[in-house]
Amino acid sequence: QLRLEESGGGSVQPGESLLLSCGASSDSFGFGFYDMQWHRQTPGNQREWVATVSTLDKVSYADFVKGRFTASRDNAKKMVYLQMTSLEPDDTAVYYCKAYAIMYGKENTYWGRGTQVTVSS
């Protein structure tokens, strides 16, 4: 089981940057076996996928990222990161990290509680 916690959110102006972090608790086992994802959600809308860092460090992004965001992971530290640059007001959302793996034929999914990002002038 993984317990995830996001940090690094805040209020910034358009064009500025933020680094989000997501860490698994020290007693979490098997972090390296999980694909790690970032999602975001605005009030009244469904959660949408932002980026994935696979167990093999392959990274993929949603089209709206447009080269502005960089996702990475550090398995030794049980951490995943989302470096966000050139932030826009439409990036305002609660950002969540998610761990996903299929083990022994069973889906295992864990979510953090989210961190608020607000982009406003």
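Owing to the predicted nature of the structure, the values given are computational and were not obtained by experimental measurement. (Residues numbered from 1 in each chain as written. Predicted model: local features only at pLDDT ≥ 70, side-chain atom pairs only at ≥ 80, totals over all residues. Heavy atoms only, no water.)

Colleague: Report on the overall build of the protein, specifying residues and quantitative values.
Modeller: Secondary structure assignment for the protein yields 0 helices and 11 strands. Counting helices and strands in the order they occur from the N terminus, the protein gives β-β-β-β-β-β-β-β-β-β-β. The C-alpha atoms of the protein give 14 Å as radius of gyration, which agrees with the globular expectation for 121 residues (14 Å, within 12%). Along the longest, intermediate and shortest principal axes, the C-alpha atoms of the protein span 45 × 30 × 25 Å. Within the protein, the fraction of its 121 residues that count as buried is 42%. Within the protein, contacts between residues at least 6 apart in sequence are counted, and of these 54% link residues at least 24 apart. Accessible surface, the protein as shown: approximately 6,800 Å² in total, 48% of it carbon and sulfur. (Helix = DSSP H or I, 4+ residues; strand = E, 2+ residues; numbered from the N terminus. Rg over C-alpha atoms; globule rule 2.2 N^0.38 Å. Buried < 20%, exposed > 50% of the residue type's maximum accessible area, 1.4 Å probe, protein only. Contact = heavy atoms within 4.5 Å. Areas by Shrake-Rupley, 256 points an atom, 1.4 Å probe, with all protein chains shown as cover.)

Colleague: Which residues make up the state of the cysteines, and what values go with them?
Modeller: Enumeration over the complete set of coordinates arrives at 1 disulfide. Note on cysteine connectivity: C22 is disulfide-linked to C97, with sulfurs 1.8 Å apart. The sign of the 45° torsion about the S-S bond sets the C22-C97 disulfide as right-handed. Taken as a pair, C22 in strand β3 (residues 18-24) and C97 in strand β9 (residues 93-103) lie far apart in primary sequence, 75 residues in all. (Disulfide = S-S within 2.5 Å.)

Colleague: Residue-level account of the sheet that holds strand β1 (residues 4-7), with values.
Modeller: Strand order in the open sheet made by the 4 strands is β1-β3-β8-β7, with antiparallel pairing throughout. The open sheet is flanked by β1 and β7 (69-74), the only strands paired with a single partner. Neighbour-to-neighbour, the strand axes of this sheet turn through a mean angle of 15°, independent of strand direction. Direction of pairing for β7 relative to strand β8 (residues 79-84): antiparallel, over a ladder of 6 bridges. Residue pairing for β8: A71 is matched across the bridge by L82. (Pairing = 2+ DSSP bridges. Axes fitted to C-alpha atoms, helices over the stretch in contact; angles between N-to-C directions.)

Colleague: Tell me about the packing of aromatic side chains, residues and numbers included.
Modeller: Scanning the entire structure with this criterion turns up 2 aromatic pairs. Here Y34 and Y110 contribute two aromatic rings whose centre-to-centre distance is 6.0 Å and whose plane-to-plane angle is 65°, an arrangement assigned as edge-to-face. Remark: Y110 occurs in strand β10 (residues 106-111) and Y34 occurs in the loop between β3 and β4 (35-41); sequence separation between them is 76 residues. Residue Y34 shares its accessibility class with Y110, and that shared class is buried. With a centroid separation of 6.3 Å and an interplanar angle of 85°, the aromatic rings of Y96 and W111 are classed as edge-to-face. Of the two residues, Y96 sits in strand β9 while W111 sits in strand β10, which places them 15 residues apart along the sequence. For Y96, a relative accessible area of 12% translates into the label buried. Positioned over the ring face of W111 is R47, at 4.5 Å from the centre of the ring. (Phe/Tyr/Trp six-rings, centres within 6.5 Å; stacked < 30°, edge-to-face > 60°. Lys NZ or Arg CZ within 6 Å of the ring centre and 35° of its normal.)

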